[in-house]
Amino acid sequence: MAIERTFSMIKPDATKRNLTGAITKMLEDAGLRVVASKRVWMSRREAEGFYAVHKDRPFFGELVEGMTSGPTVVQVLEGEGAILKNREIMGATNPANADEGTIRKVHALSIGENSVHGSDAPETAAQEIKYWFSDTEIVG
Ligand code: ADP
């Protein structure tokens, strides 16, 4: 399988509970390598822009509130089949439906406070990496 890069976020519900290291360890243990990482406190504008695809969904307001409520750790992950691998280790959007041992099963509080984000396809991975990182910030 090809080496890919994907975009990941450790969301405010998780950083507030001091889970940055625990979640990063789960990603690393799954074979993913952190090739870029920074801690940001998103502005409303940044959160709305990042999640623009969801702007007409009923949960959009709650989503933007949550993402601007504390620090987020934005990361680029690299590895074989990184996009799908990251989605697998994250688990289902709703932690109630997530498989045992996944990040969301272990750490998420609810569908709204579900601890992590991960790109779902090569196109979104490229867009999302570009939204948060310049090329020189990614060190493979
Ligand atoms: P994923 O993050 O698994 O790719 P989606 O792209 O469907 O999931 O949704 C983006 C984010 O919006 C979710 O991770 C979650 O934080 C939030 N979200 C989705 N559905 C709901 C919902 N019904 N109620 C509250 N928040 C939601």
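Criteria and cut-off values
Residues numbered from 1 in each chain as written. Predicted model: local features only at pLDDT ≥ 70, side-chain atom pairs only at ≥ 80, totals over all residues. Heavy atoms only, no water. UniProt positions renumbered as here; feature names shortened; annotations may be inferred. Near = heavy atom within 4 Å. Polar contact = N/O pair within 3.5 Å; in protein donor to acceptor, adjacent residues only side chain to side chain. Areas by Shrake-Rupley, 256 points an atom, 1.4 Å probe, with all protein chains shown as cover. 1 Å grid on protein atoms, 1.4 Å probe; cavity = no way out; pocket = protein on both sides within 12 Å on 5 of 7 lines; lining within 4 Å. Sits in = over half its atoms within 2 Å of the grid points. Core = buried A, V, L, I, M, F, W, Y, C linked by side-chain atoms within 4.5 Å. Buried < 20%, exposed > 50% of the residue type's maximum accessible area, 1.4 Å probe, protein only. Helix = DSSP H or I, 4+ residues; strand = E, 2+ residues; numbered from the N terminus. Contact = heavy atoms within 4.5 Å.

UniProt annotates the protein as Nucleoside diphosphate kinase of Rhizobium etli. We quote the UniProt Subunit comment for the protein here in full: "Homotetramer." In UniProt, the protein has this text filed under Subcellular location: "Cytoplasm".

A separate point is the site of the ligand. Neighbouring the ligand are the residues Lys-11, His-54, Phe-59, Glu-62, Leu-63, Arg-87, Thr-93, Arg-104, Ile-111, Gly-112 and Asn-114. Measuring from an oxygen atom of the ligand, one finds a side-chain N or O atom of Lys-11 at 3.0 Å. Arg-104 places a side-chain nitrogen or oxygen 3.1 Å from an oxygen atom of the ligand. In the complex, 79% of the free accessible area of the ligand, which totals 530 Å², lies under the protein chains. Judged by the proximity of its atoms to the pocket grid, the ligand belongs to the largest pocket.

Residues Phe-7, Met-9, Trp-132 and Phe-133 are the most contacted members of the largest nonpolar core, which totals 19 residues. Examining the composition of this core, we find that 4 residues originate from one element, helix H4 (residues 60-67), more than from any other. The residues contacting Phe-133, other than those within four sequence positions of it, are Phe-7, Ala-36, Ser-37, Lys-38, Val-74, Gln-75, Val-76 and Ile-138. Counting residues in hydrophobic clusters, the runner-up holds 14 residues, among them Ile-10, Ile-23, Met-26 and Leu-32.

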